[in-house]
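Working through the structure, step by step
One letter stands for each residue in the lines below.
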Amino acid sequence: MTMAPVTQRPSFNDVFYASLQKLPEGENFLACLQCGTCSGACPFGYLMDFPPSKMIASLRAGFFDRVIKTDLVWMCVSCYACTRACPAKIPLTQGLMTRAKEELLLAGNVPTELQDALENSQRYGNPMGESPRRRAAWSRGVEPPVKIMSQARQPVDVLWFVGDYASFHPRVEQVSQAFARVLNALGVNYGVLGPEENSDGDSQRLAGERGLFEMLAEKNAQAFARYSFGEIITTDPHAFNALKNEYPALGINYPVRHYTQFLADHMAQLKSLLRRSMKARVTYHDPCYLGRANGVFDEPRRLLKAIPGIELVEMSHSQETSLCCGGGGGGMWLDGYTWEKAHVRLSEWRVREAVAAGAEILAIACPYEAPRFEDAAKMVEKASRLIVRDIAELLAESIGE
Amino acid sequence: MKIVVPVKLVPDLVEELVINDQGTGLDPMWLRYKLNELDEHAIEQAVLLKERAGAHVTVIALDIDGADDALFTASAKGVDQLVKLCGDFEQGLNNHALAGLIAKLLRQAPADLVLTGVQAHNDLDGALGALLAGFLKLPYVGYVSGVSLSNDSALVRKEYPGGLMAEIEVSLPAVLGIQAAERPLSYIAFSRIRQAMKTATLKEQFLPQVPPAVQVVGRMYKSESGARAMMLQGDVDTVAARLVEIFREAGVL
């Protein structure tokens, strides 16, 4: 009698674990010491059923299917705190957490509010469900007018990728107007895509919607290809991260800088324009996707120090250890869910630190933060006088334009 | 069990609505269409019934901008057959005419159960289900938020105003107007929709002639603002005194 070999279909656990190991630096998953540093560094690790280290333990024990049945993975704000703390350099944010969210999403295990943002992104190219035709409406009234590429039809030195919140959120529109005034004061030849710009897709990707991210990236690539420009600058660290680190893998390659890097390069000219003094103690919040994920720490501080009268103070968590505002990785669209699970807001934690540092102004450089921190300041004791301003707004104010 | 879900694409209110030059309807040039939300619930309910007891689900949509996306999304949700009705209806198709056309198709290929969204905002008489049932002489229940099937009947949960619910037994075949599916609308990952675009078949059915409208819109216009609102200015005492005066003038004090 001959015996046929018994073939067993690999389990979901094994397929998933193998897929993680194929990612860049994915072999490091095998080097996990189970030290738990990641779970300790995670702002919500204390309440997750399976924080990162336990997820890896579950994979090794072969019961990752249990992890996918829980929903607390959605507490992950993709802030890179775990990744930076990991001594084995395991790609936790980019690999484990994002891939786990992809599996949750495929299984339909998605909180409703996140679902709305993703469906809006698919349909309108922005998570808020605003008409794409109104994407440049914020620029009305800026003088000289902001060039919209489809109308101007001429090459520019700088293509400004504005982003979703900077285009549609009433508070962040003010930041966009301020930055346009700074660019105008510097005499930069720039333009925006306006209605042709789509969401950068990075937060959707980190919320597990890889397919949607690729679709949005392709649409942006088609718009980029229509025009002639020297480089892309963006006021959105999430767009910066996508354009710098994720789009190239899709064949979309353009030089990109965050606006703080761009302005720091124009420091001499900028300094001559910063005439109005601002006597204030200012602290700076490092956005996760500018600082921890992309290593831009100095330029925002150099810009702030260039404003006459400003005294820069640091919060207890700063630079690499900066705290997340709670908006990353889909957190921007999960406020109700997060509150229901945790009854805390990360933005309030950060505002308390700003108050403790004795700051009068909390300076920011990411479009998620103005609404988040201003809301938080209303809830935190002694924070009612804390002013939240984007660096672009402070610069525009000092220029006096 | 054959379930058919006729759906409609309706103007997306995210965009500003522009009235045509004749003042008789919306200017289609400025319209963006989206699947009627209650029709999404009808699809969800059909897929849920299929998951529970097995069924063959067909979704029918008019060939309007956005129909392909809506149909492929339905396929990714678990719908078996996609039908797109093509023809010359650039100027739109009123609900009576549409119901007549779909009724004709359903007479040729009868369904055990027809589910539609209970209402839609695209036209007068937006409730397609009731019109369909009228044409087909089938029983109709609207404002349904739950369906369980047996061999030749359906037990449906109907919502009444004031929080009242009724359970009604309906003999099949029947038409139901869905108010809400029994579960929230499921999220379909975009990769699954893309997959459906590659693998699912979209059956195009050409409509030989489009019947003329039975209703004629005389005039369509945006709501006109009256001049009746008055903002009272000043401190609390001034405002209160003025209010008392106004109430006296109106004869309510």
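In this text the structure is predicted, and so the values were computed from the model without any measurement.

Bringing the interface of chain A and chain B into the picture now. At the interface, 18 residues of chain A touch nine residues of chain B. Only α6 (92–106), α7 (112–124) and α12 (210–226) of chain A provide two or more residues apiece to the side of chain A that touches chain B. Here the residues of the side of chain A that touches chain B are counted per class, giving seven nonpolar, seven polar and four charged.

With that out of the way, let us pick up the packing of helix α2 (residues 67–77) of chain B against helix α5 (residues 190–199) of chain B. Geometrically, a packed helix pair is captured by the angle between its two axes and the distance between the axes. Residues and elements named next belong to chain B. Their axes nearest at 8 Å, the elements α2 and α5 cross at an angle of 105°. Considering their axes alone, α2 and α5 lie roughly perpendicular with respect to each other. Residues Phe72, Thr73, Ser75 and Ala76 of α2 form the contact with α5, whose participating residues are Arg192, Ile193, Ala196 and Met197. Broken down by class, the residue content of the contact of α2 with α5 amounts to five nonpolar, two polar and one charged.

Moving on to the domain arrangement of chain A. Residue and element names in this part refer to chain A. In terms of domain boundaries, chain A breaks down into domain 1 (12–106), domain 2 (113–264) and domain 3 (266–399). Placing a centre on the C-alpha atoms of domain 1 and another on those of domain 2 gives a separation of 31 Å. Facing the six residues of domain 1 at the interface are five residues of domain 2.

Residue and element names in this part refer to chain A. Among all positions of helix α1 (residues 12–21), only Phe16, Tyr17 and Leu20 are buried. In an axial view of α1, the angular spread of the buried residues amounts to 100°, which keeps them on one side of the axis. Seen from the open side of α1, the exposed residues pointing more than 90 degrees away from its buried face are Val15 and Ala18. Where α1 is buried, its residues touch α3 (52–61), α4 (64–69) and α6.

Residues and elements named next belong to chain A. Strand order in this open sheet of four strands is β2-β1-β3-β4, and the pairing throughout is parallel. Only two strands of the sheet have a single partner each, and these edge strands are β2 (190–191) and β4 (256–258). Relative to strand β3 (residues 229–234), strand β1 (residues 156–161) is paired through five bridges, and the arrangement is parallel. Bridge pairing in β3 links Phe161 to Thr234. Across the sheet, helix α13 (residues 237–246) is in contact with β1, β3 and β4; its angle to β4 comes to roughly 155°.

About the thresholds
- Residues numbered from 1 in each chain as written.
- Chains lettered and ligands numbered in written order.
- Predicted model: local features only at pLDDT ≥ 70, side-chain atom pairs only at ≥ 80, totals over all residues.
- Contact = placed C-beta atoms within 7 Å.
- Helix = DSSP H or I, 4+ residues; strand = E, 2+ residues; numbered from the N terminus.
- Nonpolar A, V, L, I, M, F, W, Y, C, P; charged D, E, K, R; others polar.
- Axes fitted to C-alpha atoms, helices over the stretch in contact; angles between N-to-C directions.
- Parallel < 35°, antiparallel > 145°, perpendicular 65-115°, else oblique.
- Domains from an automatic or database assignment.
- Buried ≥ 20, exposed ≤ 12 C-beta atoms within 10 Å, placed from the backbone.
- Arc of directions from axis to C-beta.
- Pairing = 2+ DSSP bridges.

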